[in-house]
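Structure at a glance
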Amino acid sequence: LLPAPKLLKPALLKKIRREIRRVAEGKKGLIQIKTNALEDVDITHALYEAARDGVRVDLIVRDTCRFRPGIPGLSENARVISIVGRFLEHSRIYYFRNGGEEEYYIGSADLMTRNLEHRVEVVTPLELDVHKEECRTILNACLNDPISAWDMQSDGSYVKRQGNVE
């Protein structure tokens, strides 16, 4: 269990840095996060570092997002997707490839300073394969949504997807 405000943010930063190390070791790095907001400066900087150093970073952020994908030399290895539909979406999923020892976490915390440093929030690891598979299905559905997804551009603007996804 990773509770905020004491353990969650340091643990997330450590997991992001571990993905960077995995890439340096010659393994594929992948971070996928589904959240309502990403505004914490430390997490944002760590994600930029990860993307710059070869970790694939997929962010599904419904609302506020400080991270900009597609910036040459910084975040070319990243994408940001926003899905805003008829229903207010609140699920948060954190995924780290971890050199093949995949980790999935779910919980209440958005990546906002107020959530990570000033509130009691909790993120928990998923242990059962059935739960991991469900989260993988959700992440894949969001990342490949041809209808409701909006792709953030490097200038922070969004373009609505039109049909097929790569």
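Above this text is the structure in question.
Summary of the structure given here. (Residues numbered from 1 in each chain as written. Predicted model: local features only at pLDDT ≥ 70, side-chain atom pairs only at ≥ 80, totals over all residues. Heavy atoms only, no water.)

Below, the discussion takes up the overall build of the chain. Scanning the chain for helices and strands turns up 4 helices and 9 strands. Counting helices and strands in the order they occur from the N terminus, the chain gives β-α-β-α-β-β-β-β-α-β-α-β-β. For the C-alpha atoms alone, the extent of the chain along its principal axes is close to 40 × 35 × 30 Å. Relative to its full complement of 166 residues, the chain shows a buried share of 45%. Contacts in the chain between residues far apart in sequence, at least 24 positions, make up 61% of those at least 6 positions apart. Of the accessible surface of the chain, which amounts to about 8,600 Å², a share of 52% is contributed by carbon and sulfur atoms. With 26 positive and 25 negative side-chain charges, the chain shows a spacing of 2 Å between the two charge centroids. (Helix = DSSP H or I, 4+ residues; strand = E, 2+ residues; numbered from the N terminus. Buried < 20%, exposed > 50% of the residue type's maximum accessible area, 1.4 Å probe, protein only. Contact = heavy atoms within 4.5 Å. Areas by Shrake-Rupley, 256 points an atom, 1.4 Å probe, with all protein chains shown as cover. Lys, Arg positive; Asp, Glu negative; His and termini not counted. Charge placed at Lys NZ, Arg CZ, Asp CG, Glu CD.)

What follows is about a nonpolar patch on the surface. Where nonpolar side chains cluster on the molecular surface, the patch consists of Leu-1, Val-120 and Val-122 and spans about 310 Å² of accessible area. The partly exposed category is assigned to Val-122, whose relative accessible area is 31%. (Patch = residues over 30% accessible without salt bridge, like charges linked within 9 Å, V, L, I, M, F, W, Y side chains within 5 Å. Salt bridge = Lys/Arg side-chain N within 4 Å of Asp/Glu carboxyl O.)

Relative to the 24 Å expected for 17 residues at 1.5 Å per residue, helix H1 (residues 8-24) spans 25 Å between its end C-alpha atoms, a close match to the ideal helical length. Those residues of H1 that sit buried are Leu-8, Lys-9, Ala-11, Leu-12, Leu-13, Lys-15, Ile-16, Arg-18, Glu-19, Ile-20 and Val-23. Looking one or two residues past H1, Gly-26 carries a phi angle of roughly 95 degrees, positive in sign. (Expected span 1.5 Å × (residues − 1).)

A word on the state of the cysteines. What the rule picks out here adds up to 0 disulfides. Cys-135 forms no disulfide, and the closest cysteine sulfur to it belongs to Cys-142, at a distance of 11 Å. (Disulfide = S-S within 2.5 Å.)

Turning next to the packing of H1 against helix H2 (residues 41-52). In contact at an axis separation of 9 Å, H1 and H2 are set at 10 degrees when each is read in the N-to-C sense. If you check the angle between H1 and H2, you find them roughly parallel. Across the interface between the two elements, Lys-9, Leu-12, Leu-13, Ile-16 and Ile-20 of H1 pack against Asp-42, Ile-43, Ala-46, Leu-47, Glu-49 and Ala-50 of H2. Its residues assigned to classes, the contact of H1 with H2 comprises 8 nonpolar, no polar and 3 charged. (Axes fitted to C-alpha atoms, helices over the stretch in contact; angles between N-to-C directions. Parallel < 35°, antiparallel > 145°, perpendicular 65-115°, else oblique. Nonpolar A, V, L, I, M, F, W, Y, C, P; charged D, E, K, R; others polar.)

Here the focus is the pattern of salt bridges. Counted under the stated rule, the structure contains 13 salt bridges. Of the charged contacts in the structure, one is a salt bridge between Lys-9 and Asp-40, with a shortest N-O distance of 3.0 Å. A residue pair is termed long-range when its members are at least 10 positions apart, and Lys-9 in helix H1 and Asp-40 in the loop between strand S2 (30-35) and H2 qualify at 31 residues. Accessibility assignment for this pair places Lys-9 and Asp-40 in one class, buried.

Attention now goes to the side chain of Ser-82. With respect to the helices and strands, Ser-82 occurs in strand S4 (residues 78-83). By relative accessible area, which is 6% here, Ser-82 ends up buried. Of note is the side chain of Ser-82, whose polar atom sits 3.0 Å from the backbone oxygen of Arg-62. In this structure, Ser-82 is in contact with Val-61, Arg-62, Ser-148, Ala-149, Trp-150 and Tyr-158, ignoring residues within four places of it in sequence. (Polar contact = N/O pair within 3.5 Å; in protein donor to acceptor, adjacent residues only side chain to side chain.)

A separate point is the sheet that holds S4. The mixed open sheet is built from 9 strands, whose spatial order is S1-S7-S6-S5-S2-S3-S4-S8-S9. On the outer flanks of this sheet lie strand S1 (2-4) and strand S9 (158-160), each paired with one strand and no other. Each strand axis lies, on average, 20 degrees off the axis of its neighbour in the sheet, ignoring direction. The sheet contact formed by S2 and strand S3 (residues 56-61) spans 6 bridges and is parallel. Following the sheet pairing, Leu-30 is matched in S3 by Arg-56. (Pairing = 2+ DSSP bridges.)

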